[in-house]
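# Observations on the model geometry
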Amino acid sequence: MANSQDRETGSSPFLEVLKDLHSQYKSLQEGTVANYIPELAKVNPNLFSICIATVDGQIYEVGDYQQLFTIQSISKVFIYGQALEDHGRDYVLTRVGVEPTGDAFNAIILDEQSKRPYNPMVNAGAIATTSLIKGNGATERLNRLLEMYRRYIGRDVFVDISVFTSERSTGHRNRATAHLMLNFGMIDQNIEEALDLYFQQCSVMVNCRDLAVMAATLANKGVNPITKEKAVDSCYIKDILSVMYTCGMYNFAGEWAYKVGIPAKSGVSGGIIAVVPGQMGIGVFSPLLDGRANSVRGVKVCEELSQRLGLHLFECKGM
Ligand code: GLN
């Protein structure tokens, strides 16, 4: 693998654990790459990287950590934060709920009573939060999102045009979901524009280190631990982490909360972020997915990392 190389910028037992997990799971070939977005089907299924970024700015990374891929649904976390900053908690709650669905990420369902999408971590809810992003026209809205990503990551990012156009021309399910929400008055701007912005936010290129730094920023009350720049208002961290904890892994969210016990979010390109509040952010990238669209190796790595490092939020430490 071209970029494979292990690296640390601090000293800690973390790197040894990461190397161990990488060599343990790199031969695991279960799962399939996402192919409903044609461009994603072209990925090398063997790519695999794990990265930890601590809140004091140490980075530990193994495998293909420089490999770029599209962020996909992991974007939903950060766009939710931006929508909260743009409108405040009360208004955003009128447009998207905070209940887990127990259904697939792309289920075309709304809450029967309120007609809101269930939560911002599934496609329906994410399209609704994207439609809330403020800006004078499509370009300004996109630029605000790119600027938001820059604060979390610490460098400029760009949209992969091939993935964006691939998803835009095949995203009929998302289009159907948007029409359903339009019918119930849950999104009120031009839906094609909202969908374009949603497909663009999903098509932003990141690497595994970026994921870890973004997660570490959430772990660090919204301040990027490398650049020290504030990425999101600290008052919204609890909202973001709560929905990640209950809804971030789709119809695996309950089992994840039980076994891994930390807020997380996955995406169909094979990324996972996990946040240990006050301590660290974890990023894993491996494109082979299970039936719930979560990275197979990513889930295994996080389960074991949580166990080995005692990361579960409800771990009875010292007992
Ligand atoms: N862009 C993808 C979609 O809307 C994101 C889904 C995901 O990563 N789970 O289908």
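Residues numbered from 1 in each chain as written. Predicted model: local features only at pLDDT ≥ 70, side-chain atom pairs only at ≥ 80, totals over all residues. Heavy atoms only, no water.

## Structural notes on the overall build of the protein chain
Our working definition: Secondary structure counts use DSSP, requiring at least four H or I residues in a row for a helix and at least two E residues in a row for a strand, with both numbered from the N terminus. Based on C-alpha atoms, the radius of gyration is set beside the globule rule, defined as 2.2 Å times the residue count to the power 0.38. Under the scheme applied here, a residue whose accessible area is under 20% of the maximum for its type counts as buried, over 50% as exposed, and between as partly exposed, the area being computed with a 1.4 Å probe on protein chains only. The contact criterion used throughout is that any non-hydrogen atoms of two residues lie within 4.5 Å. Charged residues are defined narrowly, with Lys and Arg counted positive, Asp and Glu counted negative, and His plus the chain ends left uncounted. Where a charge lies is defined by one atom per residue type: Lys uses NZ, Arg uses CZ, Asp uses CG and Glu uses CD.
Helix and strand content of the protein chain: twelve helices and eight strands. Its C-alpha atoms give the protein chain a radius of gyration of 18 Å, near enough to 20 Å, the size a compact globule of 319 residues would have. Considered along the principal axes of its C-alpha atoms, the protein chain spans approximately 55 × 40 × 35 Å. Out of the 319 residues belonging to the protein chain, those deemed buried represent 58%. The contacts of the protein chain with a sequence gap of at least 6 include a subset with a gap of at least 24, amounting to 71%. One finds the centroid of the 30 positive side-chain charges in the protein chain at a distance of 1 Å from the centroid of its 34 negative side-chain charges.

## Quick notes on the packing of helix H4 (residues 123-131) against helix H7 (residues 172-183)
To be explicit about the condition: To define axes, lines are fitted to C-alpha atoms, for helices over the stretch in contact only, and angles between the resulting N-to-C directions are given on a 0 to 180 degree scale. Working definition: roughly parallel below 35 degrees, roughly antiparallel above 145 degrees, roughly perpendicular at 65 to 115 degrees, and oblique for all remaining angles. Left-handed describes a crossing whose near helix is turned anticlockwise from the far helix by less than a right angle; the clockwise case is right-handed. Gly is put with the polar residues, along with every residue not named as nonpolar or charged; the nonpolar set is Ala, Val, Leu, Ile, Met, Phe, Trp, Tyr, Cys and Pro, and the charged set is Asp, Glu, Lys and Arg.
At a minimum axis separation of 10 Å, H4 and H7 run at an interaxial angle of 65°. The pairing of H4 with H7 is recorded here as roughly perpendicular in orientation. The chirality of how H4 crosses H7 is right-handed. In this structure, H4 uses Asn 123, Ala 124, Ile 127 and Ala 128 to contact H7, whose residues at the interface are Asn 174, Thr 177, Ala 178 and Met 181. Among the residues forming the contact of H4 with H7, the class breakdown is five nonpolar, three polar and no charged.

## Quick notes on the site of the ligand
As a reminder, the rule being used: Summary of the distance rule: residues count as near a molecule or strand when at least one heavy atom falls within 4 Å of that molecule or strand. Counted as a polar contact is a pair of N or O atoms within 3.5 Å, where, for protein atoms, one must be capable of donating a hydrogen and the other of accepting one, and residues adjacent in sequence contribute only when both atoms are in side chains.
The environment of the ligand is made up of Tyr 36, Gln 72, Ser 73, Phe 105, Asn 123, Glu 167, Asn 174, Tyr 198, Cys 202, Tyr 250, Gly 267 and Val 268. Between the ligand and the protein, one listed contact pairs an oxygen atom with a backbone N or O atom of Val 268 at 2.8 Å. Considering only residue class, the shell around the ligand consists of six nonpolar, five polar and one charged.

## Here's the deal with the pairing of strand S8 (residues 280-285)
Counted only if it meets this: Only strands joined by at least two bridges in the DSSP assignment are considered to pair.
Where burial is concerned, most of S8 is hidden: six out of the six residues are buried. Alternating positions in S8 separate into two faces, Met 280, Ile 282 and Val 284 on one and Gly 281, Gly 283 and Phe 285 on the other, with burial throughout. The pairing of strand S2 (residues 49-54) with S8 spans six bridges and is classified as antiparallel. Across the sheet, the residue bridging to Ala 53 is Gly 281, located in S8. Pairing between strand S7 (residues 271-276) and S8: six bridges, direction antiparallel. Paired with Ile 273 across the two strands is Gly 283, which belongs to S8.

## Focus: the confidence of the model for the protein chain
What counts is decided by this rule: A residue's pLDDT is the predictor's confidence in that residue, given on a scale from 0 to 100.
Model confidence for the protein chain is summarised by a mean pLDDT of 95, while 96% of its residues fall at 70 or above. Across residues 1-5, where pLDDT falls below 50, the model places twelve contacts with residues more than four positions away in sequence or in other chains.

## Topic: the UniProt feature "binding site: substrate" (unreviewed entry) in the protein chain
Note the cut-off: UniProt positions are given in the numbering used here, feature names are shortened, and annotations may be inferred rather than shown by experiment.
Under the feature "binding site: substrate" (unreviewed entry), the UniProt entry names Ser 73, Asn 123, Glu 167, Asn 174, Tyr 198, Tyr 250 and Val 268. Structurally, the position occupied by Ser 73 is in the loop between strand S4 (69-70) and helix H2 (75-87). According to the relative accessible area criterion, Ser 73 is buried, its value standing at 5%. Among the secondary structure elements, Val 268 is positioned in the loop between strand S6 (264-266) and S7. Residue classification places Val 268 among the buried positions, given a relative accessible area of 7%. The contacts of Val 268, once residues within four sequence positions are left out, are Ala 34, Tyr 36, Leu 40, Gln 72, Phe 105, Leu 289 and Ala 293.

## Thoughts on the nonpolar core
Nonpolar side chains in soluble globular proteins tend to be buried together. Quick reminder of the rule: Among buried residues, the Ala, Val, Leu, Ile, Met, Phe, Trp, Tyr and Cys ones that are joined through side-chain atoms within 4.5 Å form a nonpolar core.
Counting 67 residues, the largest nonpolar core has Phe 78, Tyr 152, Leu 218 and Met 244 as the members making the most contacts within it. Ranked by residue count, the leading element in this core is helix H9 (residues 208-219), at nine residues. Dropping the residues within four chain positions of it, Tyr 152 is found in contact with Phe 78, Val 213, Met 214, Thr 217, Leu 218, Asn 224, Ala 231 and Val 232. Formed by 30 residues, the second largest nonpolar core is a distinct cluster that contains Val 17, Phe 48, Phe 252 and Val 299.

## A few points about the side chain of Thr 217
Its location among the elements puts Thr 217 in helix H9. Residues within four places of Thr 217 in sequence aside, it is in contact with Tyr 152, Gly 222, Val 223, Asn 224, Pro 225 and Ala 231.

## Digging into the packing of aromatic side chains
The following threshold applies: Any two rings among Phe, Tyr and Trp, with Trp reduced to its six-membered ring, count as a pair given centres within 6.5 Å; such a pair is stacked if its planes are under 30 degrees apart, edge-to-face if over 60, and tilted if neither.
Scanning the entire structure with this criterion turns up seven aromatic pairs. Seen in terms of ring centroids, Phe 78 and Tyr 152 are 4.6 Å apart; in terms of plane orientation they differ by 70°. Their pairing is edge-to-face. Residue Phe 78 is found in helix H2, and its partner Tyr 152 is found in helix H5 (residues 138-153); the two are separated by 74 residues along the sequence. Of the two residues, Phe 78 and Tyr 152, neither departs from the other in class, the shared state being buried. Look at Tyr 245 and Phe 314: their rings are 6.2 Å apart centre to centre, the planes differ by 85°, and that puts the pair in the edge-to-face class. Linking Tyr 245 in helix H10 (residues 237-247) with Phe 314 in the segment after helix H12 (296-309), this pair joins segments that are 69 residues apart in sequence. Among the aromatic residues, ring-to-ring pairing joins Tyr 36, Phe 105 and Tyr 250 into one connected group.

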